[in-house]
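Breakdown of the fold
Listed below, chain by chain, are the residues.
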Amino acid sequence: MNSSRKLAVFVYLPGESKAVPAGLLTMQEEGAAQQGASFVYGLRYLDRPNAVELDPVSLSLQDKSAVRGVELHPVPGLTLFGAIRDAAPDAWGRRVIEAQRKAPLNSLPESEYLLAAGSNRVGALDVRTSLDASEAPGELGDVRKLEYFLEAAGRIEEGLPIPARLEAFFDAGSALGGARPKATMADEEGKLWLAKFPSRSDGYDVPLVEAATLKLAEAAGLTVPRINMAYLGAGQHVMLIERFDREGAGDAMTRKHFISALTLVGCPEQDSPNRNYADIADALRKHGAAHRIAADLEELFARMVFNILVTNDDDHLRNHGLLWEPEARGWVLSPLYDVLPRPTRASERFLHLGIGPQGRLATLANAMGWSARFGLTRDKALATVDRVWRVVREWKNRFEDYGVPAGEIDKVGSAFRHAREIGGVELGL
């Protein structure tokens, strides 16, 4: 049965701790299927000098007069605005909401998932039932009680009920994306961290290896968030990654507007495997903060090279993010996240996104083939590849220094590739 539902979209503007109404969202739904959407910016919101565009593709504010009183629609191919899609929970968050409501997988209308995500959702948007509705209370996890949240995550994975003593997990975990168990936690100072837990199906210590991989990326000159590790005994690690979409702590905390590269490129999720890194580069040129475009394009190229060398083939468009920079009124690359090597014996490997003239083929030669699309001269691109490779080739030593046991290193070793195996010889590596 078709239905239409109106929701109010609020925004936490830069440097402000309280949200303001941005406009009204209308969603057309048929059961659990999203059919279409429209949005009208509020006139008071448009009059604000610091008003932020919700979505650079479908909800741009480059010309405020052009959208004043106008009903806007998603770009062709989308049934929901990209920025609203980013503010909704993804796979894991949906499982948490479904567990709380005792609902089957993917059985709820999108509007219900949006509302249930609560105030801990990613970015600076909030979705409420009306303009008069107050912010939904969102209980945060306590970083000192990780073992309870690990237990709750395990019960959700197994489809078991959550006892009352663990119900705080519903608020802490319902807003989040990705398929792996996670929750938002607050430390003693009130700063927010994303806790990433082990999964029952893991073949190796994923939280520890992911943290070590991000540290490896940082050593290679890539921008990564602050990371801590917690050990809960019995070989169980939890990775704590500081939420880069928040600033400050406690009552003084403010939010940063976040969108995924899926939104920046403006395509449906099922089209992600047909897209490439150069598409992100092109979108950055169009929507990026002018003073950061050249540096962000070089960083994006370096991230692509890093993913090739460590076989991170979960590099889909949702796993690349952008933050709104208010001073420049443009989008900049967020810190790196969700980077995990995938062990494999395959000699020929592919990333999720296209790399160069040979499509998704994960070789350095293929990456160099489109280096100009990132604004790089051949010499600059070669220097970037060399910089990343000089660090990645020492990955075993760096993992050992980070505390990854030899057994875990052996389990993931096949993910790491020598430059000469993937076109490095012809590049002089």
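So, here is what we can say about the structure in this document. As the structure is a prediction and not an experimental result, all values here were calculated from the model. (Residues numbered from 1 in each chain as written. Predicted model: local features only at pLDDT ≥ 70, side-chain atom pairs only at ≥ 80, totals over all residues. Heavy atoms only, no water.)

Structural notes on the packing of helix α4 (residues 91-101) against helix α6 (residues 146-157)
Condition: For helices, the fitted line uses only the C-alpha atoms of the stretch in contact; every axis is such a line through C-alpha atoms, and the angle between N-to-C directions lies from 0 to 180 degrees. Note on conventions: DSSP H or I runs of at least 4 residues are helices, E runs of at least 2 residues are strands, and numbering of each starts at the N terminus. Relative orientations are named as follows: roughly parallel for angles under 35 degrees, roughly antiparallel for angles over 145 degrees, roughly perpendicular for angles from 65 to 115 degrees, and oblique for any other angle. It only takes one pair of heavy atoms within 4.5 Å for two residues to be counted as in contact. Each residue gets one of three labels, nonpolar for Ala, Val, Leu, Ile, Met, Phe, Trp, Tyr, Cys and Pro, charged for Asp, Glu, Lys and Arg, and polar for the others, Gly among them.
The interhelical angle for the contact between α4 and α6, taken along N-to-C directions, is 85 degrees, at an axis separation of 10 Å. The orientation of α4 with respect to α6, classified from their angle, is roughly perpendicular. Counted together, W92, R95, V96 and A99 of α4 and A153, I156 and E157 of α6 form the full contact between these two elements. Grouping the amino acids of the contact of α4 with α6 by side-chain chemistry returns 5 nonpolar, no polar and 2 charged.

Here we look at α4
Stated formally: Categorising residues by exposure relies on relative accessible area from a 1.4 Å probe, with only protein chains included: less than 20% of the type maximum marks a residue as buried, more than 50% marks it as exposed, and the intermediate range marks it as partly exposed.
Those residues of α4 that fall on the buried side of the exposure criterion are W92, G93, R94, V96, I97 and E98. One or two positions beyond α4, positive phi appears at K102, with a value near 55 degrees.

A word on the pairing of strand β9 (residues 237-242)
What counts is decided by this rule: Paired strands, in this sense, are two strands between which DSSP finds at least two bridges.
In terms of residue burial, β9 counts as a mostly covered element, since 5 of its 6 residues are buried. As defined by bridge partners, strand β7 (residues 192-196) adjoins β9 across 4 bridges and the pair is classed as antiparallel. Each residue of the ladder has a partner; that of A195, found in β9, is L240. In terms of strand pairing, strand β8 (residues 227-231) meets β9 through 5 bridges, oriented antiparallel. The partner of M229 across the bridge, within β9, is M239. Where β8 folds back onto β9 in an antiparallel hairpin, the turn is made up of 5 residues, including G233, whose phi is positive at roughly 85 degrees.

Observations regarding the sheet that holds strand β14 (residues 330-333)
Spatial strand order, β12-β13-β14: 3 strands in an open sheet with antiparallel pairing. Edge positions in the open sheet fall to β12 (258-260) and β14, since each of these has one partner strand only. Averaged over neighbouring strand pairs, the angle between their axes works out to 40 degrees when direction is ignored. Direction of pairing for strand β13 (residues 321-325) relative to β14: antiparallel, over a ladder of 4 bridges. Bridge pairing in β14 places E325 opposite G330.

Structural notes on the nonpolar core
To keep things clear, this is the line we draw: Residues grouped as a nonpolar core are buried Ala, Val, Leu, Ile, Met, Phe, Trp, Tyr and Cys residues, joined through side-chain atoms within 4.5 Å.
Within the largest apolar cluster, 100 residues are counted, with the highest numbers of intra-cluster contacts made by Y41, Y45, L54, F301 and F399. Ranked by the residues each element gives to this core, the list is headed by helix α11 (residues 293-310), at 11 residues. Among all residues touching Y41, those that are not within four sequence positions of it are A22, G23, L46, V52, E53, L54, L59, L61, V67 and L72. Grouped together as the second largest cluster of nonpolar side chains are 19 residues, L150, A153, I162 and V238 included.

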